[in-house]
Amino acid sequence: MRLKPLAHDFAARVFRRGVKVTWYSSLLGLLSFLTTGRKLHETLRAPTGHKRVTMIKPKKLGIIGGSLFAFGVVFCAIVFPPFLKWKIKNQVTLKPDTEMRELWSTFPVPLDFKIYLFNVTNPTEITAGEKPILEEVGPFFYDEYKHKVNMVDREEDDSLEYNLKATWFYNPSLSSPLTGEEELVFPHVLILSMVKLTLEQQPAAIGILNKAVDNIFKKPSSVFVRAKAREILFDGVPLDCTGKDFASSAICNVLKEREDALLPDGPGRYLFSLFGPKNGTVLPDRIRVLRGVKYWKDVGKVTEVNGKPELDIWTEDHCNEFNGTDSTIFAPLLTEQDDIVSYSPDICRSLSARFDHKTKVAGINTYHYKADLGDMSTNPEEKCFCPAPDNCLTKNLMDLTKCVGVPLIASLPHLLGSEEKYLEMVDGLHPDEEKHGINMDFEPMTATPLIARKRLQFNMFLNKVEKFKLMKNFPECLFPFFWVEEGIELGGEFLAKLKMVFKMISIIGFMKWLTIISGACVSGAAAAIFFKNKDKGSLDVTKVTPQSQNGKNEDEKKWPNQMTISTIQSAAVPPNLDAN
């Protein structure tokens, strides 16, 4: 019988167990140093009686603590924040062949475009002089795509020029239960505009206008038209310019000069609608903006429109200036003191949105901004927007005649924030800040609008016109026509990308404090251990001498005669048992 292989196997198992216990104890000791900062040493007695000592030296512990602290301070607190800002500033520029340029020029997600029409419920009574009673119908929901076309870069001043192309697609699911087939009674904007402009420019020609309206619009019984919503908005209502009489020819010649506002419908025939002529067409305005390559804060800033460095329609230079961006991009790193300023071609002026309060959108910290149309009657800086020096509109009203060539009055929806007297002139308006205000939520670091709602209502001042038969007894009022909301609520992959950025920033912020605090604690523990053991010298370790074969060790003489099993070598086996 051979016992040597069995002894070797038993010794190997014991040795492996001793190594595992020692490694595990050392790991616990290291964790204890990192969590408590106290000097720990673990003494294990091996099966052979060996005494093992495991401990981490203060010097190594100090290196670990210092490294953690330095990483937190240098990288997380000092290097990373300016690096992140530098990266954002470089990413926001409109350089050719960059992701930002592509998103800015052809944004793949449509804007939400909602239109609300005011249906006139008492047209006959209004013609007789009674107060208008209105009923809001909407929203008619459209997907709006805005593309910048005919782009030309100008390296000399770090700018680029473009034309804007807007396309609307009806969204039946979001418009439901409305279909666009609803029949409404709506003010005929073209007839009313012709009356207003004739009274302002050639009052003596009002009699000719009476005859022209009968011929062009087939003898209407009132200034209101009964039509389907889709016809009012895009498809158009008919007008006939085939008449050869003087009155019809005179008016139609003026209309033909504005063919961009009409849809052709055969020789001498046209269709008039609110948005049809602009749908899917390249707008004539040529806009020039800065790219932000030379200076990041200038990105998107409007410098010229149609080759002119400023407008020429208002009475003072500062009102004619182009302030802010084209409203499709903004400089990053916003603060609470910064306004969101943009130039709006729709009203030929710049508007400022002011910081209101901090908010959260989809878990992302944002700044909430609000805007309005100002008050030219009380603000000296806005006096130049008055229709005439002695005729200034009141708060949140603006005359667009000089801007669009039509005597429309812009306001906030439902005349929000306007004088009470205008609300009392009609029934059916219910202003609400949440539903009708101009507001937006921006993520301040990247200046990304997570939610933005630009709202505007179009009205007209009307009153009786004795020489125009359809308005002999018309009541005096500010008559609302319709209002629109153009907005966006960022979601999908764009929101996911933004969330990922801020998740990484949060992780870096957590790491900064974790490494700084941990490094300080570990370094403090190392210093405490060093000073505590400074005068104690080195740690004594009990030395155990293995059993001597020559029998000279005095202690071994006192041991009883017995077989000894070592954890390092195989047991001694009598020769007679080993023989086989």
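Definitions and cut-offs
Residues numbered from 1 in each chain as written. Predicted model: local features only at pLDDT ≥ 70, side-chain atom pairs only at ≥ 80, totals over all residues. Heavy atoms only, no water. UniProt positions renumbered as here; feature names shortened; annotations may be inferred. Helix = DSSP H or I, 4+ residues; strand = E, 2+ residues; numbered from the N terminus. Buried < 20%, exposed > 50% of the residue type's maximum accessible area, 1.4 Å probe, protein only. Contact = heavy atoms within 4.5 Å. Areas by Shrake-Rupley, 256 points an atom, 1.4 Å probe, with all protein chains shown as cover. Patch = residues over 30% accessible without salt bridge, like charges linked within 9 Å, V, L, I, M, F, W, Y side chains within 5 Å. Salt bridge = Lys/Arg side-chain N within 4 Å of Asp/Glu carboxyl O. Lys, Arg positive; Asp, Glu negative; His and termini not counted. Charge placed at Lys NZ, Arg CZ, Asp CG, Glu CD. Arc of directions from axis to C-beta. Polar contact = N/O pair within 3.5 Å; in protein donor to acceptor, adjacent residues only side chain to side chain. Disulfide = S-S within 2.5 Å. Phe/Tyr/Trp six-rings, centres within 6.5 Å; stacked < 30°, edge-to-face > 60°. Lys NZ or Arg CZ within 6 Å of the ring centre and 35° of its normal.

The protein chain is annotated in an unreviewed UniProt entry as Sensory neuron membrane protein 1 from Bombus impatiens. The record held by UniProt for the protein chain lists under Subcellular location (unreviewed entry) the comment "Cell membrane".

Chemist: Explain the overall build of the protein chain residue by residue, including any values.
Modeler: Helix and strand counts for the protein chain come out as 16 helices and 21 strands. Residues counted as buried form 41% of the 580 residues belonging to the protein chain. Taking contacts inside the protein chain between residues at least 6 apart in sequence as the whole, the part at least 24 apart equals 64%. A total of about 31900 Å² of accessible surface is found on the protein chain, and carbon and sulfur atoms cover 56% of it.

Chemist: How would you sum up a negative patch on the surface? Please name residues and give values.
Modeler: Among the surface-exposed residues, E310, E316, D317, E321 and E381 lie close enough to one another that they form a single negatively charged patch. Following the sequence through the fold, E316 ends up in the loop between strand 13 (302–305) and helix 10 (317–320). For E316, a relative accessible area of 34% translates into the label partly exposed.

Chemist: Mind laying out helix 9 (residues 246–256), listing which residues take part and the relevant values?
Modeler: Taken together, the buried positions of helix 9 are A247, S248, I251, C252 and L255. Projected onto a plane normal to the axis of helix 9, the buried residues spread over an arc of 115 degrees and lie on a single side. Facing away from the buried side of helix 9 by more than 90 degrees, the exposed set consists of F246 and V254. Where helix 9 is buried, its residues touch helix 6 (189–201), helix 7 (206–216), strand 8 (237–240) and strand 9 (262–264).

Chemist: Describe the side chain of N122, listing the residues and the values that go with them.
Modeler: Counting through the fold element by element, N122 comes out in the loop between strand 3 (111–120) and helix 4 (123–127). One polar contact links the side chain of N122 to the main-chain amide nitrogen of I133, over a distance of 3.0 Å. Beyond its immediate chain neighbours, meaning those up to four positions away, N122 contacts K131, P132 and I133.

Chemist: Which residues make up the state of the cysteines, and what values do they have?
Modeler: Per the stated rule, a full pass over the model turns up four disulfides. Across the disulfide from C348 sits C403; the S-S distance is 2.0 Å. Of note, the bridge from C348 to C403 carries an S-S torsion of about 75 degrees and is right-handed in sense. Taken together, the residues span a long stretch of sequence, with C348 in the loop between strand 14 (340–344) and strand 15 (349–361) and C403 in helix 11 (residues 401–404) at a distance of 55 residues. In this model C386 forms its disulfide with C392; the gap between the sulfur atoms is 1.9 Å. Across the S-S bond linking C386 and C392, the dihedral sits near 100 degrees, which makes this disulfide right-handed. Residue class for C386 comes out buried when judged on its relative accessible area of 4%.

Chemist: I'd like a description of the packing of aromatic side chains, backed by residues and values.
Modeler: Per the stated rule, a full pass over the model turns up 24 aromatic pairs. Taking the centre distance of 5.9 Å and the plane angle of 80 degrees together, the rings of F275 and F482 count as edge-to-face. Of this pair, F275 sits in the loop between strand 10 (269–272) and strand 11 (281–282) while F482 sits in strand 21 (residues 477–489), placing them 207 residues apart in sequence. Take F275: its relative accessible area is 10%, and that puts it in the buried class. What makes F482 buried here is its relative accessible area of 7%. One aromatic cluster is present, built from ring pairs that chain together F113, Y142, W168, Y170, F234, F275, F458 and F482. Here the guanidinium or amino end of K148 rests over the ring plane of W104, the centre of that ring lying 4.6 Å away.

Chemist: Which residues make up unusual backbone geometry, and what values do they have?
Modeler: The step from G138 to P139 runs through a cis peptide bond, and the omega angle for that step is 5 degrees. In this chain, S176 is followed by P177 through a cis amide linkage whose omega measures 10 degrees. Following the sequence through the fold, P177 ends up in the loop between helix 5 (172–175) and strand 6 (183–187). A positive phi angle is found at A362, which is not glycine, with a value near 55 degrees. Within the secondary structure layout, A362 lies in the loop between strand 15 and strand 16 (364–371). Positive phi, close to 60 degrees, is recorded for A447, a residue that is not glycine. Within the secondary structure, A447 sits in the loop between strand 19 (438–443) and strand 20 (448–462). In this structure A447 comes out as buried when scored by relative accessible area, which is 6%.

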